[in-house]
Amino acid sequence: MILVTGGAGYIGSHIVRQLCLKNEKVLVVDNLSKGHKKAVDIRAKLIVGDFGDENLLLEIFKKYDIKAVIHMAAQSLVGESMSQPEKYFEENISKTLSLLKVMLKANVKKMVFSSTAAVYGEPEKWPITEDFPQKPTNVYGYSKLVIEQCLEWYRQIHGFNYVSLRYFNAAGADPSGDIGEDHNPETHLIPLIFKVILGEQEELTVFGTDYPTPDGTCIRDYIHVNDLAEAHILALNKLNKDESGVYNLGNQKGFSVKEIIKVAEEVTGVKVKVRYGQRRPGDPAVLVASSEKIQKELNFTPKFGDIKTIVQTAWEWHKNNPRGYDR
Ligand SMILES: NC(=O)c1ccc[n+]([C@@H]2O[C@H](COP(=O)([O-])OP(=O)(O)OC[C@H]3O[C@@H](n4cnc5c(N)ncnc54)[C@H](O)[C@@H]3O)[C@@H](O)[C@H]2O)c1
Ligand SMILES: O=c1ccn([C@@H]2O[C@H](COP(=O)(O)OP(=O)(O)O[C@H]3O[C@H](CO)[C@@H](O)[C@H](O)[C@H]3O)[C@@H](O)[C@H]2O)c(=O)[nH]1
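Below you will find a few notes about this structure.

Cut-offs used in this document
- Residues numbered from 1 in each chain as written.
- Chains lettered and ligands numbered in written order.
- Predicted model: local features only at pLDDT ≥ 70, side-chain atom pairs only at ≥ 80, totals over all residues.
- Heavy atoms only, no water.
- Phe/Tyr/Trp six-rings, centres within 6.5 Å; stacked < 30°, edge-to-face > 60°.
- Buried < 20%, exposed > 50% of the residue type's maximum accessible area, 1.4 Å probe, protein only.
- Helix = DSSP H or I, 4+ residues; strand = E, 2+ residues; numbered from the N terminus.
- Lys NZ or Arg CZ within 6 Å of the ring centre and 35° of its normal.
- Axes fitted to C-alpha atoms, helices over the stretch in contact; angles between N-to-C directions.
- Parallel < 35°, antiparallel > 145°, perpendicular 65-115°, else oblique.
- Left-handed = near helix turned anticlockwise from the far one by under 90°.
- Contact = heavy atoms within 4.5 Å.

1. A closer look at the packing of aromatic side chains
Part 1 of the argument: A complete count under the given rule lists four aromatic pairs for this structure.
Part 2 of the argument: Seen in terms of ring centroids, Tyr-154 and Phe-160 are 5.6 Å apart; in terms of plane orientation they differ by 90°. Their pairing is edge-to-face.
Part 3 of the argument: The exposure class assigned to Tyr-154 is buried, which follows from its relative accessible area of 18%.
Part 4 of the argument: A ring pair is formed by Phe-194 and Trp-315, whose centres lie 5.1 Å apart and whose planes are at 35°; its orientation type is tilted. Linking Phe-194 in helix α6 (residues 189–197) with Trp-315 in helix α10 (residues 307–320), this pair joins segments that are 121 residues apart in sequence.
Part 5 of the argument: Looking at Phe-194, the relative accessible area reads 1%, which means it is buried.
Part 6 of the argument: Taking relative accessible area as the criterion, Trp-315 reaches 9% and is therefore assigned buried.
Part 7 of the argument: The residue whose ring lies beneath Arg-279 is Tyr-211, and the NZ or CZ to ring-centre distance is 4.0 Å.

Following this line, the structure appears as structure tokens:
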């Protein structure tokens, strides 16, 4: 059985779905602070609880035959991490250390860890390879880097195996239309564009037009959430060979904020009302991955690499579920 923390969240629910489709037994631990019960595949077992609750975890590891943990649960708002750092130290660092402590006790020594491009901070060039300097510019990225480093010490000292996946920008939704992105508050670009298109929000604020990029807006590397999910399955295969690694997960293509708005307009046929605003603190100008390492070592091949497909699948979800799971 695979334990997925945060399996009721946006990315987690897509991973759980893929695991179930591959006939894996899945146990989700999620406190539903950000996730949705309805997002969890009915084939998986959901335990509503905190992944930092050591007693609950001890019970779970005693009762179920857990082979590996996919650790997705976290706080992940960059801006918030800079006003409430203690929340990120507690939720992303302390609680993950508790989880690792219980895993060691239970002799379960395999983890896929959700890391982030934010560990790189403001890179000087791109595409970003895994050996670039890791100098996070926000507490969120720092909290993920600390755990990556702890995992490496656990590997060396306790024979632990881990795969840290540094996701770039997760986007899109499962083509079934059953699951998708539903955050409250929403801070991500693509769902916010759709909120404007659906009339739930008056306009989209573009954060900064004076970046050193061709059109002055930030460039990001968007990766479909199902491709992310597939990479977790490849990561589990690596763990099963008692191997560890750190991998970037992106599409190796950058799109500016203005380009994403244009793609959304093409997909929906609706013009987006835009306001040009100030830069958002902590936003690097360009984040584009090199995903060569994961392609070569884990045979990762994205199926939804085309940006129009990514935006289209997200649109299908938002159009059919304008109020998310609360329908
Ligand atoms: N969305 C992205 O573009 C992106 C990019 C890089 C990394 N990540 C990482 O991927 C992971 C998932 O991101 P997401 O966008 O799906 O976020 P999300 O908020 O949708 O999902 C996180 C889930 O974890 C649960 N959770 C949070 N704290 C918990 C706790 N203490 N105990 C139990 N459950 C808890 C939430 O209820 C939620 O269901 C996070 O670790 C995030 O840092 C996301
Ligand atoms: O209303 C908005 C929202 C976003 N943006 C811009 O759109 C881009 C993408 O922003 P967003 O969707 O919020 O994603 P990021 O801030 O790039 O962060 C995501 O991608 C990172 C990795 O690249 C992860 O670490 C984070 O967890 C994940 O939220 C950025 O340039 C933002 O400045 C706007 O201009 N207006």
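That covers the picture; the talk isn't over yet.
2. Let's talk about the packing of helix α4 (residues 85–105) against helix α5 (residues 139–158)
Part 1 of the argument: Relative orientation of the contacting elements α4 and α5 amounts to 20°, with a least axis distance of 9 Å. One way to sum up the angle between α4 and α5 is to call them roughly parallel. The two elements α4 and α5 meet at a crossing, and its hand is right-handed. Two secondary-structure elements touch here, α4 through Pro-85, Tyr-88, Phe-89, Asn-92, Ile-93, Thr-96, Leu-97, Leu-100 and Leu-104 and α5 through Val-139, Tyr-140, Tyr-142, Ser-143, Lys-144, Val-146, Ile-147, Cys-150, Leu-151, Tyr-154 and His-158.

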